[in-house]
Amino acid sequence: TLRTAMAIGADRAILVETNEELQPLAVAKLLKALVEKEQPQLVILGKQAIDDDCNQTGQMLAALLGWPQATFASKVEVEGTTAKVTREVDGGLETLSLTLPAIITTDLRLNEPRYVTLPNIMKAKKKQLDNLKPEELGVDVKPRIKTLKVSEPPKRSAGIKVADVAALVDKLKNEAKVI
């Protein structure tokens, strides 16, 4: 994945390796350590993780660093020391202005990813890929939350078909008692 990112255009990559289950807080702490080391002015993360769907890491990272944040960005414009972020909200579009350094989490509409080409794949093999362990960053990644149980929701009873609107209204009044 990191080599693909470099083939798409990243200059270098950092891989933090661990056998521990990484929860959002641990990832945020690792990113904080990397941000303090690398000193970027803008950190862009995905909206949520694909493994646990938590949508927490970006917000936690912003809190740990004390940096401003914008979530669900569909458009980002950086001008000098300011980032203008457009995000979709229930009522339409909202535009925020952030002073850099800042954290932004993205919506899938932010951009159209580039295609990976064979020459860039070959170039990516020569780009710098640093491997680190959490201990090297001074971060304890032990899980803080323990999953006790995962169970399926109860099965729903089968629905019914009604012949027309009058039959639907009758069932809602007499059987469901909702109107």
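Residues numbered from 1 in each chain as written. Predicted model: local features only at pLDDT ≥ 70, side-chain atom pairs only at ≥ 80, totals over all residues. Heavy atoms only, no water.

Visitor: Account for a nonpolar patch on the surface, with residues named and values stated.
Guide: A surface patch of nonpolar side chains, amounting to about 690 Å² of accessible area, comprises Ile 160, Val 162, Val 165, Leu 168, Val 169, Leu 172, Val 178 and Ile 179. Along the chain, Val 178 turns up in the segment after α5 (165-174). The class for Val 178 is exposed, based on a relative accessible area of 55%. (Patch = residues over 30% accessible without salt bridge, like charges linked within 9 Å, V, L, I, M, F, W, Y side chains within 5 Å. Areas by Shrake-Rupley, 256 points an atom, 1.4 Å probe, with all protein chains shown as cover. Salt bridge = Lys/Arg side-chain N within 4 Å of Asp/Glu carboxyl O. Helix = DSSP H or I, 4+ residues; strand = E, 2+ residues; numbered from the N terminus. Buried < 20%, exposed > 50% of the residue type's maximum accessible area, 1.4 Å probe, protein only.)

Visitor: Could you give me a rundown of the pattern of salt bridges, with the residues and numbers involved?
Guide: Here the idea is simple: oppositely charged side chains can pair when their charged atoms come close. For the coordinates displayed, the defined rule picks out 12 salt bridges. Notably, a salt bridge pairs Lys 75 with Glu 77, separated by 3.4 Å at the nearest N-O pair. Under the relative-accessibility criterion, Lys 75 is labelled partly exposed at 43%. A cluster of three or more residues bridged by salt bridges with shared partners is formed by Arg 12, Glu 38 and Asp 130.

Visitor: Outline unusual backbone geometry, listing residues and values.
Guide: Backbone torsion omega between Leu 100 and Pro 101 reads 5 degrees, so that peptide bond is classified as cis. Position of Pro 101 relative to the elements: it lies in the loop between β5 (92-99) and β6 (102-106). Although it is not a glycine, Gln 39 sits at a positive phi angle of roughly 60 degrees. Secondary-structure assignment places Gln 39 in the loop between α2 (24-38) and β2 (42-46). Residue Gln 39 is classed as exposed on the basis of its relative accessible area, which comes to 54%. Although it is not a glycine, Asn 55 sits at a positive phi angle of roughly 60 degrees. Mapping Asn 55 onto the fold places it in the loop between β2 and α3 (57-65).

Visitor: Let's hear about the pairing of strand β3 (residues 69-79): which residues, and what values?
Guide: Looking at chain direction, β3 and β6 are connected through three bridges and run parallel. Bridged to Ala 70 within β6 is Ile 104. Where β3 lies against strand β4 (residues 82-89), six bridges are found, and the strand directions are antiparallel. Across the sheet, the residue bridging to Lys 75 is Thr 86, located in β4. (Pairing = 2+ DSSP bridges.)

Visitor: If you had to explain the sheet that holds β2 to someone new, which residues and values would you point to?
Guide: The sheet built from five strands is open, its strands ordered β2-β6-β3-β4-β5 with mixed pairing. The open sheet terminates on both sides in strands that have one partner only, identified here as β2 and β5. For this sheet, the mean angle separating the axes of adjacent strands, direction not counted, is 40 degrees. Set on the sheet, α3 makes contact with β2, β3 and β6; between it and β6 the angle comes to about 175 degrees. (Axes fitted to C-alpha atoms, helices over the stretch in contact; angles between N-to-C directions. Contact = heavy atoms within 4.5 Å.)

Visitor: Which residues make up the environment of Leu 42, and what are the values?
Guide: Looking at the element boundaries, Leu 42 is found in strand β2. As for Leu 42 and Leu 129, which are separated by 87 residues in sequence, their C-alpha atoms are 20 Å apart. Aside from chain neighbours lying at most four places away, what touches Leu 42 is Val 78, Leu 100, Ala 102 and Ile 104.

Visitor: I'd love a proper account of the nonpolar core, names of residues and values included.
Guide: Core analysis: the largest hydrophobic core is formed by nine residues, namely Ala 28, Val 35, Val 43, Leu 45, Leu 61, Ala 62, Leu 65, Trp 67 and Ile 103. For this core, the elements supplying multiple residues, two or more each, are α2, β2 and α3. Examining the composition of this core, we find that three residues originate from one element, α3, more than from any other. Not counting the four nearest positions on each side in its chain, Val 43 is found in contact with Val 35, Leu 61, Trp 67, Ala 102, Ile 103 and Ile 104. (Core = buried A, V, L, I, M, F, W, Y, C linked by side-chain atoms within 4.5 Å.)

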